[in-house]
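Coordinate analysis (summary)
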Amino acid sequence: MRRLTRWYGANPLHLLALLACFALAGYAATQLVRSRPESVAIWFVGAVIGHDLVLMPLYSIADWSVLAAVRHRAPNLPPVPWINYLRVPTGLSALLLLVWFPLIFRLKTHYQESTTLSPDPFLWHWLAVTGALFLLSATAYALRLRAAHRAVR
Amino acid sequence: MSDADQPEHAAEPGPAERPQPAEQPRPAGQPQPSRQPRPAEEPQPAERPRAAEQVRAAGEPPITEKSPVPLKPETVEKPETGQRQGPAQKPDTAENHGSVGRPPIAEEPRSKRPPWRPARPQLPRPSARPGQLARLLMPAEPPPGPFRRSFWRSPVRGPWLTSMLGLILLGGITILFVTGLLSYASYNPNLGGGNDYTSGKGWLGFYLFSWPTDPTWAYQLNQGLHVTLGLALVPILLAKLWSVLPKLFEWPPLRSPAHALERISLFLLVGGGVFEFATGIMNIQQWYVFPGSFYTLHFYGAWVFTAAFVVHAGLKMPTVIRSLRRRGLLRELRVDTAHTVPEPPDVSSLVPTAPSPPTISRRGVLGFAGAGSLLLVALAAGQSIGGPLRRTALLAPHGQVTGSGPLDFQINVTAAEGGIKPEETGNSWRLTLSREESGTSAPVTLTRAQLLAMPQHDASLAINCVEGWTTGNQVWTGVRLRDLARLAGADNPGAVLVQSLQQHGGHATLSAGQIMNPDSLLAFRVNGVELSADHGYPARVILPASPGVHNIKWVTTMTFRS
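Here is what the cut-offs are and how they apply
Residues numbered from 1 in each chain as written. Chains lettered and ligands numbered in written order. Predicted model: local features only at pLDDT ≥ 70, side-chain atom pairs only at ≥ 80, totals over all residues. Axes fitted to C-alpha atoms, helices over the stretch in contact; angles between N-to-C directions. Helix = DSSP H or I, 4+ residues; strand = E, 2+ residues; numbered from the N terminus. Parallel < 35°, antiparallel > 145°, perpendicular 65-115°, else oblique. Contact = placed C-beta atoms within 7 Å. Nonpolar A, V, L, I, M, F, W, Y, C, P; charged D, E, K, R; others polar. Left-handed = near helix turned anticlockwise from the far one by under 90°. Domains from an automatic or database assignment. Pairing = 2+ DSSP bridges.

Direction vectors running N to C along helix H2 (residues 12–32) of chain A and helix H12 (residues 294–326) of chain B enclose 175°, while the axes themselves pass 8 Å from each other. One finds that H2 of chain A runs roughly antiparallel with respect to H12 of chain B. Of H12 of chain B, the residues touching H2 of chain A (which contributes His14, Ala17, Leu18, Cys21, Leu24, Ala25, Ala28, Ala29, Gln31 and Leu32 of chain A) are Leu297, Tyr300, Gly301, Trp303, Val304, Ala307, Ala308, Val311, Gly314 and Leu315 of chain B. For the contact of H2 of chain A with H12 of chain B, a count of residues per class yields 16 nonpolar, 4 polar and no charged.

Printed below as a string of structure tokens:
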């Protein structure tokens, strides 16, 4: 047992838990892939790659680029940290887009056919919410700037 | 990653803190069972520079030089670093290794030497070979890029943030699992006949209980919670995945069989999680591009995800408890960006070795994700509540109010989509009531006029969709299903198969409870007017507390069984 533990690299309970996990997941997977096994597998792998190697690097690079680009202008920057006043509205707007892009971009879905509702308003709703978020953020930043100026004086 | 083997840190500890021999060289990611044994005295070139980096990161991070002095002494990592590396962390190290690929210390033959060094020569041959192979394929030194720990710079990454987000997800996903399972039960899948969407009843297609028809809001609450909470967890999931991304690039990629198996389970966890959220979100927007039936995919996908989720939560729970105990929530919530410093280096390999200056605090990250959740809920919950609040659902599929007429409420299948031809619903339309058992009374065929001549009842009920939206209460008028059962000669029916003119999916089997409820109607009118074609003219079923799709429209036959 000790040998097994050492070779395996963890407590036997760890092995049992994972084997139970694979048994259940494996059984569910056989049911899951019944109709189109390759497509389901592609979706699972695609989900991981799509998030970990596409979406996340994209937003990380965007965030890093903004920080890097603005850092070069450091002397002109106001004294109050500003990045989150840009990051938060952008991130929230992007989150709404990530969740609702099929409706916002009016992709070809069954939506209109099934519900008789129009997909037209979603783009405008999203833009309006985005605008409101940036407005709120700008107002909050302006208030903080004013408070900082007063404190200096 | 611990640098307990660095003499710089060994200088301070008192007698109680003297490093144990077995403790010293156990930094995560360093001693690899799959690696070649090294003579104990041989310096480890790969580890030296990294360890040195760590000392700088923990002791003299660029951040602490530039940032103001932290207000609270607890947030100052520097003085703690030396002590933290010592035996104070010993139980942590042991536990954490338990889940990342090392046997718990208690099981080790505690000799003077670290377990992984003397163990090597005694290993059975077959396992030594993959070790050599692995060493050939994977140099000890990670390739440049994300595989190097110095690549990851955010000072807020660390076990505290990951644990906090993990704990929120644990609560949230548990609710999603329960509401999902209830949603499955609400179809009464045991009755067959269009109720079971989980292709081929296997072990997981089990029967839970007969779905109740009371309280009438049960299904609305369940689906509203499932869908709206699912939306709310999207930013939490994204933040959690962001917080652990360095783990994807761990080096070496496989340390031991335990580590390999755990990484496979993490693939199921992340793949399954993103799959479940993606299919759910696409389904509520009726974007059916996923490979198969939504019900089957979302149901079995959930089991794959749940299997990995339960094991992951179990294995990580000690780490979560430890990390959150070490830095209390209230204490951490008082730390602003300027005073945010990395956590002390630990075995989690999440804490950056070369952190950049903080641009956001930990409370800022939680607030950011929480704001995302609130925003999604605020812009969607109205469709699950109905009434005047529907207009607040600006970004939700069923947030639109089409008008104020008696027929202006949400639908999900139009007559055109259902393939309903006007000639089928005209004067030639008949309702056929029959019993499944042979040798019983002949089928009863009724015209619409005959049905309207029967005692009519009102019921104020909402149609609630599996997609999480509601029509809000409408007043339906029609005959009770139990009266129709009696007419068919089934005084004590066990179930009824309802079929319709709808070409795809227009049938369901209703339970005895659904038939006998006095509010269960075959409705002909709604809000005082005739049903429209899209609302199911000439007759539709309306049930309390049931999945919307069981309110069959354009009904033609009802087959009762005992």
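So, next bit.
For residues that are not glycine, phi is negative in most cases, and the peptide bond is trans in most cases. Residue and element names in this part refer to chain B. Cis geometry marks the peptide bond from Asp214 to Pro215; its omega dihedral reads 0°. With respect to the secondary-structure elements, Pro215 resides in the loop between helix H8 (159–186) and helix H9 (218–243). Looking along the chain, the bond that leaves Tyr537 and enters Pro538 is cis, with omega of 10°. You can see Pro538 is positioned in the loop between strand S8 (529–530) and strand S9 (540–542).

With that settled, the discussion passes to the packing of helix H11 (residues 257–284) of chain B against H12 of chain B. Residues and elements named next belong to chain B. Two numbers describe how H11 lies on H12: the axes approach to 8 Å, and their chain directions differ by 145°. At the point where H11 passes H12, the crossing takes the left-handed sense. Along its contact with H11, which presents Ser265, Leu268, Leu269, Gly272, Gly273, Phe275, Glu276, Thr279, Gly280 and Asn283, the element H12 presents Phe294, Leu297, His298, Gly301, Ala302, Val304, Phe305, Ala307, Ala308, Phe309, Val311 and His312.

Another point: the interface of chain A and chain B. Taken together, the 60 residues of chain A in the interface contact 79 residues of chain B. Counting residues per element, the side of chain A that touches chain B draws most heavily on H2 of chain A, which supplies 12 residues. By residue class, the composition of the side of chain A that touches chain B is 38 nonpolar, 16 polar and 6 charged.

To continue, consider the domain arrangement of chain A. The assigned domain composition of chain A is domain 1 (1–32), domain 2 (35–74) and domain 3 (78–153). Here the C-alpha centre of domain 2 of chain A lies 30 Å away from the C-alpha centre of domain 1 of chain A.

This next bit is on the sheet that holds strand S5 (residues 495–500) of chain B. Residues and elements named next belong to chain B. Taken in spatial order, the 5 strands line up as S2-S1-S10-S5-S6 in an open sheet, and their pairing is mixed. Edge positions in the sheet fall to strand S2 (444–446) and strand S6 (507–511), since each of these pairs with one other strand and no more. Strand-to-strand twist of the sheet, defined as the mean angle between neighbouring strand axes without regard to direction, takes the value 15°. Of the strand pairs in this sheet, S5 and strand S10 (residues 555–561) are connected by 6 bridges, and their pairing is antiparallel. In the sheet register, Gln499 faces S10, and the bridge partner there is Thr557.

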